[in-house]
Structure formats: C-alpha cells, structure tokens
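# Breakdown of the fold
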Amino acid sequence: NNMSRHKIHYEVFNGHNPTAETERHWEVEVHASPEELQVFAESGYMVRESLFQNEALQQLQDALDELEQAEWEKRGKAVSPHSQLKKQGWGLILRHLMDKHEVFLELLKFQPLLSIARAMMGPLVRLRGLSARISYPGDGRRHQTPWHQHLKVISNPLPPWFSRPHCIDCLIYLDDLNQDTGEIAVVPESHNWLDQASPGTYEPIEDEVVISIKAGGVILIHGNLWHRALPTLHAKRRMLILSYTPTWLRKSRAAGPQPRDGLTEIFLEDADFEEQMLLGIGGYS
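As the structure is a prediction and not an experimental result, all values here were calculated from the model.

## Comments concerning helix 6 (residues 111-121)
Within helix 6, 9 of the 11 residues are buried, which leaves it mostly tucked inside the rest of the structure. Along helix 6, the residues that are buried comprise P112, L113, L114, S115, I116, A117, R118, A119 and M121. Once helix 6 finishes, G122 follows within two positions and takes phi at roughly 95°, a positive value.

So this is what it looks like as structure tokens:
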C-alpha cells in the first residue's frame with residue numbers, strides 16, 4: 001500500500017570511517033505508516049496480508065517442496081512422514097534456506113519486510129536466519145507447539161546496563177492459516193514482560209489473539225512475543241521464518257553450522273556493503 005509508506009533518514013555516527021558515506025547515511029522507505037509502527041512497538045506483532053502472490057508465492061512453495069522432498073529422501077523416509085516425526089509438535093524444520101535454493105536468497109533485501117526491520121531497529125540490521133517449519137496433519141499435541149519465545153537471554157532482575165535483545169521474526173505462510181492447518185496465537189505486549197518467561201504449556205492464555213491469514217501473508221513478531229501454534233488437523237502448513245536482528249547480535253545457535261559451499265558463500269564474493277552486512281559481515285565496531 002503506497003499510501004502508508006514514509007521515509008526515514010538515518011545518520012550513523014561512525015566517525016572512525018568518515019570516507020564511507022554509503023555506510024553513514026541511510027534513507028529507508030518504510031512499507032508501513034508511523035502509526036502502524038507504533039502499534040507494532042506496543043503490541044509486539046503486525047499482520048501483513050498478501051505480500052506474496054501468484055508467481056512469487058508459487059516459487060516459494062515449489063522451492064520449499066524441493067527441499068522438503070530432498071530432506072525426507074536423505075532420511076530414507078516417505079514424503080508424507082508425520083508418523084516419523086518423533087519431536088512433539090514442531091514438525092519438520094529446515095535451516096539455512098538461503099544456502100540451499102536461489103529463490104530464498106532473493107528474500108535477502110525484500111523491502112516490505114526489511115524496511116520495517118530498519119524502521120524498528122535502525123539501519124544496521126542483519127539476517128539472523130531463514131528457516132522453514134512444515135507441520136503435517138494429525139491429531140493431538142504432536143502437531144502443535146507450546147507457548148514459547150525466540151530470545152531467551154533475559155535475566156531477572158535486570159542490571160542497570162542490560163542490553164535488551166531485539167529481533168523481528170517474519171512468519172511467512174505458504175498455506176492458508178486456518179483451523180485446518182493450525183492458526184497462531186499471540187499474547188499482545190508480552191514481549192515487554194521482562195520479569196517472566198512464557199509458560200511452555202499448550203492451554204489458552206487470557207487476552208491471547210488467534211490469527212488467521214491467507215497464503216502469502218506474513219505475521220511479524222518481536223522475538224520475545226509469547227506465541228504458540230494451534231494443532232495442524234487436516235492440511236499441511238508450510239511456513240518460512242525470516243529473522244532480522246541488529247548487526248551485533250549473533251546468529252541463532254539452534255540453526256547449527258552453515259552448509260559448506262552454500263549459495264551465500266558464492267554470493268558474498270561480489271556482494272556490496274549492505275549485502276555483506278545483511279549476511280553478518282560488518283555493521284558494528
């Protein structure tokens with residue numbers, strides 16, 4: 001929606017490197033209004049309908065289907081494997097997608113999401129990861145996730161100079177999110193509850209909001225927003241998780257080591273300053 005866009009002009013005080021003007025001055029055209037950003041800051045989540053449509057959506061679906069099939073063949077299992085999944089609730093998780101398929105590498109500078117990350121956390125952001133979670137139809141708790149958060153490094157009490165970690169996780173749904181596939185529930189403002197952790201249970205919480213969205217839509221959440229996935233009952237749910245953090249935050253430990261000779265390694269050979277920074281090189285002292 002062009003009507004809701006606005007520009008932010010940043011100057012980064014990197015006086016030790018005065019010749020790097022491209023690193024010092026940033027103009028970000030934000031794909032959201034200031035009012036929408038304020039609501040995002042307060043609630044901890046934002047819903048974006050139809051960011052991927054038609055061919056763009058189909059390319060993401062096809063690319064993930066390729067990686068899914070390759071993963072199950074590598075494990076020597078069938079492609080409809082929900083009975084093989086031993087870890088309760090989480091389904092199949094695929095990591096380092098930008099290293100594995102060129103379609104996903106195209107998301108590196110996807111402005112409808114990256115510009116919002118820069119509006120919320122400043123211009124110096126990096127990709128924390130791009131992963132996928134595929135949930136398969138089934139009954140019971142095997143196919144839902146408990147309340148959880150993605151940044152679990154906050155101590156209680158808070159020291160005077162504690163550096164609060166920020167992360168925006170963009171949940172890109174490649175299938176309709178509904179009762180058949182399993183909706184997402186969030187607790188608004190819970191990303192600011194720094195004196196307690198999410199409970200790790202499956203039961204509803206007072207004031208939770210259950211969200212449905214069409215395929216191609218995106219739900220952006222702060223990494224510490226309490227959220228859970230409801231049961232996947234009758235249809236498979238494919239979801240990408242595109243995560244942005246400040247440049248000085250380390251990559252997710254859960255993702256494990258990057259594949260050797262991945263696509264990003266080749267891409268970095270000719271990458272500019274911004275692309276290098278997004279892939280974790282530079283952007284900090």
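## What to know about the sheet that holds strand 11 (residues 237-246)
The strand order 3-9-6-11-5-4 describes an open sheet built from 6 strands, whose pairing is antiparallel. With one partner strand each, in any of the chains shown, strand 3 (45-48) and strand 4 (92-94) form the two edges of the open sheet. Between one strand and the next, the sheet's axes are offset by a mean angle of 20°, whatever the strand orientation. Relative to strand 11, strand 5 (residues 125-135) is paired through 10 bridges, and the arrangement is antiparallel. The residue bridging S135 from the neighbouring strand is R237, located in strand 11. Sheet contacts for helix 3 (residues 54-74): strand 4, strand 5 and strand 11; angle to strand 4, the most-contacted strand, approximately 110°.

## Some details on the nonpolar core
Judged by nonpolar contacts, the single largest core of 47 residues is most densely connected at F104, L107 and L240. When near neighbours in sequence (up to four residues on either side) are disregarded, L107 contacts F52, L60, M98, L130, I172, L240, L242 and Y244. Counting residues in each nonpolar core, the second largest holds 13 residues, with Y45, L171, L177 and I184 among its members.

## Examining the pairing of strand 9 (residues 218-222)
Across the 5 residues of strand 9, 5 count as buried, placing the element largely inside the fold. Burial of the side chains of strand 9 extends over both faces: V218, L220 and H222 are buried on one face and I219 and I221 on the other. Two elements, strand 3 and strand 9, share 4 bridges in a ladder whose sense is antiparallel. Across the sheet, the residue bridging to R48 is V218, located in strand 9. In this structure, strand 6 (residues 168-173) lies alongside strand 9, joined through 5 bridges in antiparallel fashion. Looking across to strand 9, one finds that I172 is bridged to V218.

## Concerning unusual backbone geometry
A cis amide bond links N156 to the next residue, P157, at an omega of 10°. As for its placement among the helices and strands, P157 is situated in the loop between strand 5 and strand 6. Positive phi values are uncommon outside glycine, yet N54 reaches one of about 50°. Residue placement: N54 occurs in helix 3.

## As for the sheet that holds strand 7 (residues 184-186)
A sheet is described by the order of its strands in space; here 3 strands give the open sequence 8-7-10, paired in antiparallel fashion. Here the strands that pair on one side only, and so sit at the sheet edges, are strand 8 (209-211) and strand 10 (227-229). The sheet shows a mean angle of 25° between the axes of neighbouring strands, taken without regard to direction. Relative to strand 10, strand 7 runs antiparallel, the two being bridged by 3 bridges. Note that in strand 10 the partner of A185 across the bridge is R228.

## Looking at the packing of aromatic side chains
Under the counting rule described, the total for this entry stands at 4 aromatic pairs. Seen from their ring centres, W72 and Y136 are 6.3 Å apart, and the 70° between their planes marks the pair as edge-to-face. Placement of the pair is W72 in helix 3 and Y136 in the loop between strand 5 and strand 6, with a sequence separation of 64 residues. Accessibility assignment for this pair places W72 and Y136 in one class, buried. Ring geometry for W193 versus W226: centroids 4.9 Å apart, planes at 85°, classification edge-to-face. Linking W193 in the loop between strand 7 and strand 8 with W226 in the loop between strand 9 and strand 10, this pair joins segments that are 33 residues apart in sequence.

Thresholds applied
- Think of each chain on its own: its residues are numbered from 1, step by step along the sequence as written.
- Where totals are concerned, whole chains, interfaces and linings use all residues; where local detail is concerned, this predicted model gives features only for residues with pLDDT of at least 70, and gives and counts side-chain atom pairs only at 80 or more.
- In computing side-chain values, all of the structure's heavy atoms are included and hydrogens and water are not.
- For the exposure calls, accessible area comes from a 1.4 Å probe over protein chains only, and a residue counts as buried if that area is under 20% of its type's maximum, exposed if over 50%, partly exposed in between.
- Counting from the N terminus, the helices are the DSSP runs of H or I reaching at least four residues and the strands are the DSSP runs of E reaching at least two.
- Two strands qualify as a pair provided that DSSP identifies no fewer than 2 bridges between them.
- For helices, the fitted line uses only the C-alpha atoms of the stretch in contact; every axis is such a line through C-alpha atoms, and the angle between N-to-C directions lies from 0 to 180 degrees.
- The contact criterion used throughout is that any non-hydrogen atoms of two residues lie within 4.5 Å.
- Think of a nonpolar core as a cluster: buried Ala, Val, Leu, Ile, Met, Phe, Trp, Tyr and Cys residues, connected wherever their side-chain atoms sit within 4.5 Å.
- Think of it this way: a Phe, Tyr or Trp ring, Trp meaning its six-membered ring, pairs with another when their centres are within 6.5 Å, and the plane angle makes it stacked under 30 degrees, edge-to-face over 60, tilted otherwise.

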